[in-house]
Amino acid sequence: MKQVLLIFSLLISGIFYSQIAPKFENDTLTTSTGFKVYEGLDLKIGTGSMNDGDFKFIRTNASSMFNYSSTTGYQGLANQANSFKRSNSGLTFKVRKIMTRGNKKNGFVYYAKIGNGIMNYEIDLENAIKSGELIVPDEFLLKEKSQHLHSETKYDKLKKIKDLKDSGVLSEDEYQKEKDKIMTEK
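Attention here is on the structure that accompanies the text. This one's a predicted model, so the numbers in the text were calculated from it and none came from an experiment.

A few words now on the packing of helix H5 (residues 154-166) against helix H6 (residues 172-184). Taken N-terminus to C-terminus, the directions of H5 and H6 make an angle of 175 degrees; their axes are 10 Å apart at the nearest point. Relative to H6, the element H5 is oriented roughly antiparallel. Where H5 approaches H6, its residues Lys154, Lys157, Leu158, Ile161, Lys162 and Lys165 are matched on the opposing element by Glu172, Tyr175, Glu178, Lys179, Ile182 and Met183. The residue makeup of the contact of H5 with H6, split by class, is five nonpolar, no polar and seven charged.

In this structure the tally under the stated criterion is three aromatic pairs. Ring geometry for Phe108 and Tyr110: centres 6.4 Å apart, planes at 35 degrees, overall tilted. The exposure class of Tyr110 is buried, given its relative accessible area of 11%. Over the ring of Tyr111 we find Arg101; its NZ or CZ atom is 4.4 Å from the centre of that ring. For Lys165, the ring lying beneath its charged end belongs to Tyr175, and the centroid distance is 5.0 Å.

Relative to the 18 Å expected for 13 residues at 1.5 Å per residue, H5 spans 18 Å between its end C-alpha atoms, a close match to the ideal helical length. Remark: Gly168 follows H5 within two positions and exhibits a positive phi of approximately 90 degrees.

Moving on, we come to the sheet that holds strand S10 (residues 134-135). Strand order in the open sheet formed by three strands is S6-S4-S10, with antiparallel pairing between adjacent strands. Across the chains shown, the open sheet's two edge strands, defined by having one partner strand only, are strand S6 (92-94) and S10.

Attention now moves to the pairing of strand S4 (residues 42-45). Residues Leu43 and Ile45 of S4 are buried on one face, while the alternating residues Asp42 and Lys44, pointing to the opposite face, are not. When S4 meets S6, the two strands line up antiparallel, connected through three bridges. Residue pairing across strands places Asp42 opposite Lys94, the latter belonging to S6. Judged from the two bridges that link them, S4 and S10 form a sheet pairing that is antiparallel. Paired with Ile45 across the strands is Leu134, a residue of S10.

Working note: regular strand, side chains alternate between the two faces of the sheet. Counting buried residues along strand S9 (residues 120-124), five of its five residues qualify, which places the element largely inside the surrounding structure. Burial along S9 is two-sided: the face carrying Asn120, Glu122 and Asp124 and the face carrying Tyr121 and Ile123 are both buried. Two elements, strand S5 (residues 58-60) and S9, share three bridges in a ladder whose sense is antiparallel. When the sheet's bridge partners are listed, Ile58 is paired in S9 with Ile123. Bridge count for strand S8 (residues 107-115) against S9 is five bridges, and the pairing is antiparallel. Following the sheet pairing, Lys113 is matched in S9 by Glu122.

Moving on to the pattern of salt bridges. Tallied over the full model, the rule gives nine salt bridges. The salt bridge partner of Arg101 is Glu122, with a shortest N-O separation of 2.7 Å. Taken as a pair, Arg101 in strand S7 (residues 97-103) and Glu122 in strand S9 lie far apart in primary sequence, 21 residues in all. Taken together, the salt bridges that share partners define one network made up of Asp54, Lys85 and Arg86.

Rules and cut-offs
- Residues numbered from 1 in each chain as written.
- Predicted model: local features only at pLDDT ≥ 70, side-chain atom pairs only at ≥ 80, totals over all residues.
- Heavy atoms only, no water.
- Axes fitted to C-alpha atoms, helices over the stretch in contact; angles between N-to-C directions.
- Helix = DSSP H or I, 4+ residues; strand = E, 2+ residues; numbered from the N terminus.
- Parallel < 35°, antiparallel > 145°, perpendicular 65-115°, else oblique.
- Contact = heavy atoms within 4.5 Å.
- Nonpolar A, V, L, I, M, F, W, Y, C, P; charged D, E, K, R; others polar.
- Phe/Tyr/Trp six-rings, centres within 6.5 Å; stacked < 30°, edge-to-face > 60°.
- Buried < 20%, exposed > 50% of the residue type's maximum accessible area, 1.4 Å probe, protein only.
- Lys NZ or Arg CZ within 6 Å of the ring centre and 35° of its normal.
- Expected span 1.5 Å × (residues − 1).
- Pairing = 2+ DSSP bridges.
- Salt bridge = Lys/Arg side-chain N within 4 Å of Asp/Glu carboxyl O.

Rendered as structure tokens:
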């Protein structure tokens, strides 16, 4: 009986794990939240998660000739030098390719390649979704993120748009429109 329970519990945990692990099949990546990514898909860019508003999980493609790899220049901050700029917030980009890095032992990380051929970027899909750098339908947000978004107060939203205005992402007119929208929310 103990063996049956052990096998059953291992089977259940295996099924649970397979449902939350990203899967790449037939040229389509299904993320841990169930969002499907494939070549040709239009991805809407959210807001950067670094302090300056740039993107932490969207950066210059590692194989790009524009990739900055020095650890001494740019104040030793190669990730910031390669980050997708905050001015891309709200734009839409087509997925050009799905890339996989890693191995079975250590796990895989999945990237979507976007760009125009000269300048290519890669999106760490799982982390970009979790951090809000990619906009996906609410049903594909993590539960904690979804609940956090709904508990956001007017004042939190006002602070965010003020920060976007101060950083130059929003013009004065755009800021006023967003501010008016927030103030009329119930």
